Amino acid sequence: MARIEHLLVECAKDADFIVNEREYGQGKYPDDKECLRVVGYDKNGDPIRRQAELGRLKHDVAFACVQREILRHFPNNVSIEPRYVIRTGKGGQQDIMKPDVVLRFQKQGIR
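Worth saying up front: this structure is predicted, and the values here are computed from it rather than measured.

Conventions adopted
- Residues numbered from 1 in each chain as written.
- Predicted model: local features only at pLDDT ≥ 70, side-chain atom pairs only at ≥ 80, totals over all residues.
- Heavy atoms only, no water.
- Patch = residues over 30% accessible without salt bridge, like charges linked within 9 Å, V, L, I, M, F, W, Y side chains within 5 Å.
- Areas by Shrake-Rupley, 256 points an atom, 1.4 Å probe, with all protein chains shown as cover.
- Salt bridge = Lys/Arg side-chain N within 4 Å of Asp/Glu carboxyl O.
- Helix = DSSP H or I, 4+ residues; strand = E, 2+ residues; numbered from the N terminus.
- Buried < 20%, exposed > 50% of the residue type's maximum accessible area, 1.4 Å probe, protein only.
- Contact = heavy atoms within 4.5 Å.
- Disulfide = S-S within 2.5 Å.
- Pairing = 2+ DSSP bridges.
- Axes fitted to C-alpha atoms, helices over the stretch in contact; angles between N-to-C directions.
- Parallel < 35°, antiparallel > 145°, perpendicular 65-115°, else oblique.
- Left-handed = near helix turned anticlockwise from the far one by under 90°.

J.: Hey, could you run me through a nonpolar patch on the surface in this one?
T.: Taken together, Tyr-84, Ile-86 and Met-97 make up a surface patch of nonpolar side chains, about 250 Å² in accessible area. Note that Ile-86 resides in strand β4 (residues 84-87). Among the residues examined, Ile-86 registers a relative accessible area of 34% and is labelled partly exposed.

Structure representation (structure tokens):
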């Protein structure tokens with residue numbers, strides 16, 4: 001678990017650096033005013049702020065890193081974006097959960 005946590009942290013750090021460098025230049029990053037800047041509107045007409053856009057960009061870069069590194073080190077213990085159907089109430093209501101990564105490990109000695 002410690003190795004996987006380390007990989008996740010490193011991928012997140014790398015994504016933060018890569019996106020900031022690409023979007024703002026060497027050694028630069030967005031300030032509060034830039035993060036709050038409206039860059040578009042969603043389907044409901046609500047504003048989309050730069051911080052959300054940067055978060056999506058960084059997630060994409062980090063997720064690619066996670067896929068590459070975790071699958072390289074733990075190919076038999078990982079599922080990428082599995083879908084789970086969850087029953088959420090009466091009348092057969094369902095919700096779909098799609099986590100980025102699911103890890104499967106067994107403790108040694110337990111069968």
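J.: For this particular structure, what's the right way to read unusual backbone geometry?
T.: Leaving glycine out, the prevailing phi sign among residues is negative, and the prevailing peptide bond configuration is trans. At Glu-81, a residue that is not glycine, the phi angle is positive and equals roughly 50°. For Glu-81, the position within the fold is in the loop between β3 (78-80) and β4. Residue classification places Glu-81 among the partly exposed residues on the basis of a relative accessible area of 34%.

J.: I'm lost on the environment of Ile-96 in this one. Help?
T.: When you line up the elements, Ile-96 lands in strand β5 (residues 94-97). Considered as a pair, Ile-96 and Asp-60 are 36 residues apart in the sequence and their alpha carbons are 21 Å apart. If we ignore the near neighbours within four places in the chain, the residues touching Ile-96 are Arg-83, Tyr-84 and Val-85.

J.: Sorry, what's going on with the state of the cysteines here?
T.: Cysteine pairs can be linked by a disulfide, which is a covalent bond between their two sulfur atoms. One pass over the structure, following the stated rule, counts one disulfide. Disulfide pairing places Cys-11 opposite Cys-65 at an S-S distance of 2.1 Å. Between Cys-11 and Cys-65, the disulfide has an S-S torsion of -65° and is therefore left-handed. Taken together, the residues span a long stretch of sequence, with Cys-11 in helix α1 (residues 2-24) and Cys-65 in helix α3 (residues 50-73) at a distance of 54 residues. In terms of burial, Cys-11 and Cys-65 fall into one category: buried.

J.: I would appreciate a short explanation of the pairing of strand β1 (residues 38-41) in the present structure.
T.: Every regular strand shows the same layout, with side chains that alternate between the two sheet faces. Looking at chain direction, β1 and strand β2 (residues 47-49) are connected through three bridges and run antiparallel. Looking at β2, one finds that Val-38 is bridged to Arg-49.

J.: Teacher, can you tell me more about the packing of α1 against α3 here?
T.: The description of two helices packed together rests on the angle between their axes and the distance between the axes. Contact geometry of α1 with α3 gives a least axis separation of 8 Å together with a crossing angle of 135°. Taken together, the axes of α1 and α3 are oblique relative to one another. The element α1 and its partner α3 pack so that their crossing is right-handed.

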